[in-house]
Amino acid sequence: MNTRTLKASAMAGCLVLLLVLVQAPVSTHHSFAMYDQTKTVTLTGVVKTFVPQANHAELHFILLAPDHKSLAKAADGKYVEWGVEMAGTAAVAQQGITGTTFGAGTVFSVHLNPLRDGSNFGSRVGALAKCPTDPATNKPKLPEAGKHCDSVAGATLIGGTAF
């Protein structure tokens, strides 16, 4: 091999190594293209679980029925579950969104961009509106049918200043 070919081979090897090293961290995070950012859906539900993760914290919840007097059920009789993806756990904790502030049973409303494939999951848009708890009964005060937690007296906005 001549010097020119040797240099070109070394350069190509370095380039491949660089691509491999850069690709690993990049592939651990995803694009938001899977969410339909032309649609914003507003949902109200009851927290099932808060899922803390480094890249994206998630809230999984059961949707309230349209009359807001019970939990929504699908045709098969199972509860209608949704999930919402947010920023990483540390970032949302700084906004006041934690497993404690959004523990199981918390009633809240969220704006989200739904998945394009129609699955019950989306990406959070703006603040979360948390329904207040009635101190006399220790039960959440629910919004009227067709409304969301932001309309309930005493509701709090968490993770932003506007709902």
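Caption draft 1: Examining the state of the cysteines more closely. What the rule picks out here adds up to one disulfide. There is a disulfide in this structure between Cys131 and Cys149, and the S-S distance comes to 2.0 Å. Its torsion about the S-S bond being -95°, the disulfide of Cys131 and Cys149 is classed as left-handed. Here Cys131, found in the loop between β5 (121–130) and β6 (133–134), pairs with Cys149, found in the loop between β7 (139–140) and β8 (156–158); they are 18 residues apart in sequence, far enough to count as distant. On the basis of relative accessible area, Cys131 is assigned to the buried category, the value being 5%.

Caption draft 2: Expanded view of the packing of aromatic side chains. With the rule as written, the count across this model stands at two aromatic pairs. Ring centres of Phe61 and Phe108 lie 5.1 Å apart, and the angle between their planes is 75°; this geometry places the pair in the edge-to-face category. Taken together, the residues span a long stretch of sequence, with Phe61 in strand β2 (residues 58–63) and Phe108 in strand β4 (residues 107–114) at a distance of 47 residues. When sorted by exposure, Phe61 lands in the same class as Phe108, which is buried. Measuring from ring centre to ring centre gives 5.7 Å for Phe102 and Phe108, while their planes differ by 85°; the resulting arrangement is edge-to-face.

Caption draft 3: Examining the pairing of β4 more closely. Of all eight residues in β4, eight are buried; the element is thus mostly enclosed. The two faces of β4 match: Val107, Ser109, His111 and Asn113 on one face and Phe108, Val110, Leu112 and Pro114 on the other face are all buried. Judged from the six bridges that link them, β4 and β5 form a sheet pairing that is antiparallel. When the bridges of β5 are listed, Asn113 appears paired with Ser123.

Caption draft 4: Spotlight on the pattern of salt bridges. Applying the stated rule across the entire model yields two salt bridges. Asp36 is the salt-bridge partner of Lys39, the closest N and O atoms lying 3.9 Å from each other. On the basis of relative accessibility, which here comes to 49%, the residue Lys39 falls in the partly exposed class. A relative accessible area of 10% means that Asp36 is categorised as buried. Close ionic contact of Glu81 with Lys48 constitutes a salt bridge, the shortest N to O distance being 2.9 Å. Taken together, the positions of Glu81 in strand β3 (residues 81–85) and Lys48 in strand β1 (residues 41–51) put the pair 33 residues apart, joining distant regions of the chain.

Caption draft 5: Main features of the nonpolar core. One finds Leu59, Phe61, Met86, Ile97, Phe102, Phe108 and Leu128 to be the most contacted residues of the largest nonpolar core, which totals 20 residues. Broken down by secondary-structure element, the contributors of at least two residues to this core are β1, β2, β3 and β4. Ignoring any residue separated from it by four or fewer positions in sequence, one finds Leu128 in contact with Leu59, Met86, Ile97, Phe102, Phe108, Ser109, Val110, Thr156, Leu157, Ile158 and Phe163. Judged by nonpolar contacts, the second largest core, of seven residues, contains Val46, Cys131, Cys149 and Val152.

Caption draft 6: Broad picture of the confidence of the model for the chain. Per-residue pLDDT for the chain has a mean of 87; in total, 81% of the residues score no lower than 70. Here residues 10–28 is modelled with pLDDT under 50, and outside its nearest four sequence neighbours on either side it reaches one contact, counting other chains as well.

Caption draft 7: Structural view of the side chain of Ser123. Note that Ser123 resides in strand β5. Look at Ser123 and you get buried, because its relative accessible area is 10%. When sequence neighbours within four positions are dropped, the list of residues in contact with Ser123 reads Phe32, Tyr35, Val84, Glu85, His111, Leu112 and Asn113.

Caption draft 8: Here's a closer look at the side chain of Asn113. With respect to the helices and strands, Asn113 occurs in strand β4. Among the polar contacts listed, one links the side chain of Asn113 to the backbone oxygen of Lys39, at a separation of 2.7 Å. For Asn113, the contacting residues outside a window of four places in its chain are Tyr35, Asp36, Gln37, Lys39, Thr40, Phe121, Gly122, Ser123 and Val125.

Criteria and thresholds
- Residues numbered from 1 in each chain as written.
- Predicted model: local features only at pLDDT ≥ 70, side-chain atom pairs only at ≥ 80, totals over all residues.
- Heavy atoms only, no water.
- Disulfide = S-S within 2.5 Å.
- Helix = DSSP H or I, 4+ residues; strand = E, 2+ residues; numbered from the N terminus.
- Buried < 20%, exposed > 50% of the residue type's maximum accessible area, 1.4 Å probe, protein only.
- Phe/Tyr/Trp six-rings, centres within 6.5 Å; stacked < 30°, edge-to-face > 60°.
- Pairing = 2+ DSSP bridges.
- Salt bridge = Lys/Arg side-chain N within 4 Å of Asp/Glu carboxyl O.
- Core = buried A, V, L, I, M, F, W, Y, C linked by side-chain atoms within 4.5 Å.
- Contact = heavy atoms within 4.5 Å.
- pLDDT = per-residue confidence, 0-100.
- Polar contact = N/O pair within 3.5 Å; in protein donor to acceptor, adjacent residues only side chain to side chain.

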